[in-house]
Amino acid sequence: MQSCKTLGVSIDDHFREVTKMINLAKGAQREVQDFMLTRYACYLIAQNGDPKKDEIAFAQSYFAVQTRKIELIEERLRQLSRIESRDRLRASEKQLSKNIYQRGVDERGFGRIRSKGDQALFGGLTTEQMKQRLGIKSGALADFLPTLTIAAKNLATEMTNHNVEQKDLYGEAGITTEHMQNNTSVRGMLGQRGIKPEELPPAEDIKKVERKVAKDEKQLQEKSQRLPKEIDSSNNQ
C-alpha cells in the first residue's frame with residue numbers, strides 16, 4: 001500500500017478492505033479485517049514479501065517468469081513485423097520484375113531501376129553507398145534496413161507497380177522515371193515528419209532475425225515448462 005502511495009497510484013483501486021467472520025470456540029464468531037487484491041496488488045506483495053515463505057517464493061518466481069515471457073513476446077512481435085515487411089517488399093519487387101519484363105526490360109534493367117529508386121529514397125545515395133554507410137559487407141541492402149525503411153521501399157514499389165499497369169508504361173526509361181518519382185514522394189512524406197531514411201541506423205540481418213524468431217519460440221515453451229508447481233493453498237491457512 002505504501003508503494004502505491006509513493007507512486008501516486010490509488011490504493012483503493014488495488015486494495016479493497018473487507019471484513020469476514022471466523023469461527024471461534026462454542027459456535028462463536030469474530031469479525032476480522034481482510035483485503036481483496038488486484039493482480040497489481042499481488043505483485044507488490046510478492047515483491048516485498050519474505051521469500052522464505054513458500055507462497056511468496058512461488059509468486060516471485062511466477063511474476064519473474066511471466067515478465068520475461070512478455071519481454072520475449074514483445075521482441076518477437078517486433079521481429080515478426082520486420083520479417084513480414086521484408087516479405088511484402090520481396091513480393092512487390094517480384095511483381096515489379098514481372099511487370100517490367102513484360103514491357104521490354106530485362107533483369108539488368110530491373111536492377112538499374114531499383115538502384116535509381118534507392119538513390120531517390122536515400123537523398124542521392126546509391127545502393128552501394130548506402131551499404132557502405134551502414135557497414136554492410138554482403139547481402140541485400142533491404143535485409144539490413146529497419147522496418148520503417150523497408151515499408152517505405154515497399155510503398156514506393158507498390159506505387160510503381162500500380163502506375164506501370166494503369167499508365168501502361170513501356171521501356172526502361174519511362175519506368176525508371178516513374179519509380180524515382182514514387183521514391184521521391186515517399187521520401188518527401190517521411191521528411192515532413194522529420195525522418196531521413198539514410199540517417200536511420202541499420203538493423204540486424206533479416207536472416208539472423210528469422211533464426212532468432214524460431215529460437216525464441218522454443219525458449220518460450222521451455223520457460224512455460226519451468227514454472228514452479230502450484231502450491232496447495234489448503235495447507236497454508
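Let us look at the structure shown here.

Quick notes on the rules
Residues numbered from 1 in each chain as written. Predicted model: local features only at pLDDT ≥ 70, side-chain atom pairs only at ≥ 80, totals over all residues. Heavy atoms only, no water. Core = buried A, V, L, I, M, F, W, Y, C linked by side-chain atoms within 4.5 Å. Buried < 20%, exposed > 50% of the residue type's maximum accessible area, 1.4 Å probe, protein only. Helix = DSSP H or I, 4+ residues; strand = E, 2+ residues; numbered from the N terminus. Salt bridge = Lys/Arg side-chain N within 4 Å of Asp/Glu carboxyl O. Patch = residues over 30% accessible without salt bridge, like charges linked within 9 Å, V, L, I, M, F, W, Y side chains within 5 Å. Areas by Shrake-Rupley, 256 points an atom, 1.4 Å probe, with all protein chains shown as cover.

**Points about the nonpolar core**
(1) Moving on: Core analysis: the biggest nonpolar cluster contains 15 residues, and F122, L134, L141, L145 and V186 have the highest contact counts within it.
(2) Moving on: Elements with a minimum of two residues in this core: α5 (127-134), α6 (147-166) and α7 (172-192).
(3) Moving on: Residue contributions to this core peak at 3 residues, all from α6.
(4) Moving on: Ranked by size, the runner-up nonpolar core spans 8 residues in total, among them L96, V105, F110 and I175.

**Notes on the pattern of salt bridges**
(1) Moving on: One pass over the full model with this rule turns up 14 salt bridges.
(2) Moving on: Here R86 and D143 are joined by a salt bridge, their closest N and O atoms 2.7 Å apart. Of this pair, R86 sits in helix α3 (residues 54-101) while D143 is found in the loop between α5 and α6, placing the two residues 57 residues apart along the sequence. Here the two residues R86 and D143 agree in accessibility, since each one is buried.
(3) Moving on: Among the salt bridges present, the one from D168 reaches R103, with a minimum N-O distance of 3.5 Å. Here D168, found in the loop between α6 and α7, pairs with R103, found in the loop between α3 and α4 (107-121); they are 65 residues apart in sequence, far enough to count as distant.
(4) Moving on: Among the residues examined, D168 registers a relative accessible area of 55% and is labelled exposed.
(5) Moving on: When salt bridges that share partners are traced, they join R86, D87, R90, D143 and K207 into one network.

**Quick word on a nonpolar patch on the surface**
(1) Moving on: A surface patch of nonpolar side chains, amounting to about 320 Å² of accessible area, comprises M1, F35, L37 and I45.
(2) Moving on: Note on placement: M1 falls in the segment before α1 (2-7).

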